[in-house]
Amino acid sequence: MTKYAYYPGCSGQGTSQEYDSSTRAVCRALGVNLVDIPDWSCCGSTPAHTVDHLLSSALAARNLALAEDMDAAAVITPCPSCLTNLKAAVHRMSDREFRLQVNKLLDKPVDRSTPVKSVLQVLAEDVGSDAVAEMLPNKPLAGLKLAPYYGCIMNRPPEVMQFDDHENPTAMDKLMAALGAEVLPFPLKVECCGASFGIPRKDIVAKLSGKLLEAAAGLGAHAVVTACPLCQMNLDLRQGQASAAMGRKFQLPVFYYTQLLGLALGIPQSELGLSKLCVNPRLALDAMYAAQAEKREREAKSEADKQTLKAKAA
Amino acid sequence: MEVVDIHASCDHEFIAQVEAESEQKVRLCYQCGNCTAGCPYTFAYDIPVSQVMRLLQAGQKVRLLSCKSIWLCATCESCTTRCPNEIDVARIMDVLRHMARREGYATEKNVKTFWDTFLDSVEKHGRVFEMGLLATYVAKTGRFWTDMDLGPKILPKGKLSFKPHEIQGKDKVAEIFKRFRETQQ
Ligand code: SF4
Ligand code: SF4
């Protein structure tokens, strides 16, 4: 089985625990072998690259150097912010001079460049939505209307990220559709939610996240589905602040795509951390179960009507 | 309208420095405004990103290093992705922020404090310690009331640890910071 060097990222141990636990559970169920990078450290996130690119690359590169000993096919991470830092470091270190400078800051230098991918990319490319659809022929998420939200940096800039489309990514749409969900054409897929300004400038986050929630609600979504811990936190934890900024009350659950994938695969809710979401996910799941029941009823009724017609004809 | 006398105040050295650090050609910008059109932060900026580019071409160092926009740019990469001249605009914003820091400007003080506190946490523990980060940020800025409404929402979820996740190699991480500072001297 192909082995991947897994980089969970700091938020995976805190505010996005449920993303980490659902990612691990889903990968296990789909045969994607994750091995944690031993003693991984913080990639520096946004703060490091706002200070200096050498510092930021070195913080990311310490982890790339550790992963080299693992003989893995790629370094993979669920978090787009970590992904950007790791990928930008690899990209910049293709310049020999810069690589030497980075290595001077490290105890263990980076020798080779291991490919870096998001978990989403691995699920989309190595497993594939067709295989997922085949595994789950009875479409467990039928009736669930989703606004897919990728966040701004998972696919941009395209020269560095090299995955999916930078204006209209579809990897997550396809996975969700494979499970039977109705994926809405969400126009703000790659717009920024306010990023890491939640603490110092929550007014900005409330406004930008408010716009996203408004657009999703306007499409009639039951929920937003995302692949980014920061986006999830801004839209879910700060939904009250966003509601206030927009002058209306939103009640939109914000799932990680791995939680929905896990739910469809029959992974226990406790492992998926559904209870860790702030906006109660029941709202969306009840709507989905109601739609499924209604559909079954409709089908039963039309079947019964057919039988009656047949009986009459006979 | 503010009129800039570009002959008197154009700092050519500044332009050259931004070009070198960002590896971008500032003169390629032809002011199409695509970057500003896609920038989600324009409403909060004091100078829209395309005007940052224009002022940069005109070598307006102080005006740029003291603006708010460079602290509020979220590096969302929309400008970089959409620039018809393939200028990595987000990288230029980053570089301006680096220079502003080095020269002692911090127009959005709380943003800078938040980032600094985050990095202090990484330097100390090897990974960021979210609860400690919040506590230190509040202590430094005195903004106790910030996000009071969120406490009851997040605390019962048991996601925020009250203890840092120390790693074995935390000294190695601290060394990275130390060696980096040495390169800056
Ligand atoms: S998109 Fe590029 S060329 Fe157009 S104004 Fe912005 S930086 Fe200049
Ligand atoms: S990277 Fe910064 S300047 Fe560029 S569009 Fe995003 S927020 Fe605006």
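Structure's up top.
Note that this is a predicted model, so its numbers are computed, not measured. (Residues numbered from 1 in each chain as written. Chains lettered and ligands numbered in written order. Predicted model: local features only at pLDDT ≥ 70, side-chain atom pairs only at ≥ 80, totals over all residues. Heavy atoms only, no water.)

## So, the overall build of chain B
Counting its secondary structure elements, chain B contains 12 helices and 0 strands. For the C-alpha atoms alone, the extent of chain B along its principal axes is close to 55 × 40 × 30 Å. Out of the 185 residues in chain B, the part that is buried amounts to 50%. Of the contacts formed within chain B by residues at least 6 apart in sequence, a portion of 68% connects residues at least 24 apart. Put simply, chain B shows about 9,100 Å² of open surface, and 53% of that area lies on carbon and sulfur atoms. Across chain B, the mean location of the 26 positive side-chain charges is 6 Å away from that of the 24 negative side-chain charges. (Helix = DSSP H or I, 4+ residues; strand = E, 2+ residues; numbered from the N terminus. Buried < 20%, exposed > 50% of the residue type's maximum accessible area, 1.4 Å probe, protein only. Contact = heavy atoms within 4.5 Å. Areas by Shrake-Rupley, 256 points an atom, 1.4 Å probe, with all protein chains shown as cover. Lys, Arg positive; Asp, Glu negative; His and termini not counted. Charge placed at Lys NZ, Arg CZ, Asp CG, Glu CD.)

## Points about the sheet that holds strand β6 (residues 182-183) of chain A
Residues and elements named next belong to chain A. Ordered by their spatial adjacency, 4 strands build an open sheet running β6-β5-β7-β8, and the pairing between neighbours is parallel. Two strands in the sheet have a free side with no partner beyond their single neighbour: β6 and β8 (254-256). As defined by bridge partners, strand β5 (residues 145-149) adjoins strand β7 (residues 223-226) across 4 bridges and the pair is classed as parallel. Paired with L146 across the two strands is A223, which belongs to β7. In this fold helix α11 (residues 229-236) packs onto β5, β7 and β8, with an angle of close to 160° to the strand it touches most, β8. (Pairing = 2+ DSSP bridges. Axes fitted to C-alpha atoms, helices over the stretch in contact; angles between N-to-C directions.)

## Describing the packing of aromatic side chains
Under the criterion given, the structure shown has 9 aromatic pairs over all chains. Here the aromatic rings of Y41(B) and Y45(B) are separated by 6.5 Å at their centres, their planes lie at 25°, and the arrangement is stacked. Overall, Y41(B) belongs to the buried group, its relative accessible area being 1%. Y45(B) gets classed as buried once you look at its relative accessible area, which sits at 11%. Taken together through their ring pairs, the aromatic side chains of F197(A), Y41(B), Y45(B), W71(B) and W115(B) make up a single cluster. Here the guanidinium or amino end of R127(B) rests over the ring plane of W40(A), the centre of that ring lying 3.5 Å away. (Phe/Tyr/Trp six-rings, centres within 6.5 Å; stacked < 30°, edge-to-face > 60°. Lys NZ or Arg CZ within 6 Å of the ring centre and 35° of its normal.)

## Here's the deal with the site of ligand 1
All names here are of chain B. As a matter of local geometry, ligand 1 sits amid 13 residues, with C29, C32, G33, C35 and C83 nearest to it. In a pocket analysis with a 2 Å cut-off to the grid points, ligand 1 is assigned to the second largest cavity. When residues of the shell around ligand 1 are traced back to their parent elements, those giving at least two are α3 (34-38) and α4 (49-57). (Near = heavy atom within 4 Å. 1 Å grid on protein atoms, 1.4 Å probe; cavity = no way out; pocket = protein on both sides within 12 Å on 5 of 7 lines; lining within 4 Å. Sits in = over half its atoms within 2 Å of the grid points.)

## Points about the nonpolar core
Most often, soluble globular proteins keep nonpolar side chains buried together rather than apart. If you look at the biggest cluster of nonpolar residues, it comprises 143 residues, and the most contacted ones within it are L123(A), Y257(A) and Y41(B). Here this core gets 10 residues from one element, more than from any other, and that element is helix α3 (residues 53-68) of chain A. Ignoring any residue separated from it by four or fewer positions in sequence, one finds Y41(B) in contact with C192(A), G194(A), A195(A), F197(A), I204(A), L208(A), L72(B) and A74(B). If you look at the next biggest cluster of nonpolar residues, it comprises 17 residues, including F186(A), C193(A), V224(A) and C228(A). (Core = buried A, V, L, I, M, F, W, Y, C linked by side-chain atoms within 4.5 Å.)

## Some thoughts on the pairing of strand β2 (residues 33-36) of chain A
Residues and elements named next belong to chain A. Judged from the 4 bridges that link them, strand β1 (residues 3-6) and β2 form a sheet pairing that is parallel. Residue pairing for β2: A5 is matched across the bridge by V35. As a crossover connection, the stretch from β1 through helix α1 (residues 17-29) into β2 is right-handed. (Right-handed = clockwise from strand over helix to strand, strands pointing away.)

## As for the environment of D5(B)
All names here are of chain B. Assignment of secondary structure puts D5 in the segment before α1 (6-9). You can call D5 partly exposed: its relative accessible area is 48%. C-alpha separation for the pair D5 and A58, spaced 53 residues apart in sequence, amounts to 9.1 Å.

## Observations regarding empty space enclosed by the protein
All names here are of chain B. For the structure on display, the rule yields 6 cavities of 30 Å³ or more. Of all the elements in the fold, those that place two or more residues in the lining of the largest cavity are α7 (78-82) and α8 (89-102). Estimates place the volume of the second largest cavity at around 80 Å³. In terms of lining residues, the second largest cavity is bounded by 13 residues, among which C29, C32, C35, C83 and I87 are the most central. Residue composition of the lining of the second largest cavity, grouped by class: 9 nonpolar, 4 polar and no charged. (Points joined across faces, edges and corners; volume = space filled by probe spheres on them. Nonpolar A, V, L, I, M, F, W, Y, C, P; charged D, E, K, R; others polar.)

## A word on α4(B)
All names here are of chain B. The complete set of buried residues in α4 reads V49, S50, V52, M53, L55 and L56. Tucked inside the fold, the buried residues of α4 contact α2 (12-22), α3, α5 (61-65) and α8. Positive phi appears at G59, one or two residues downstream of α4, with a value of about 65°.

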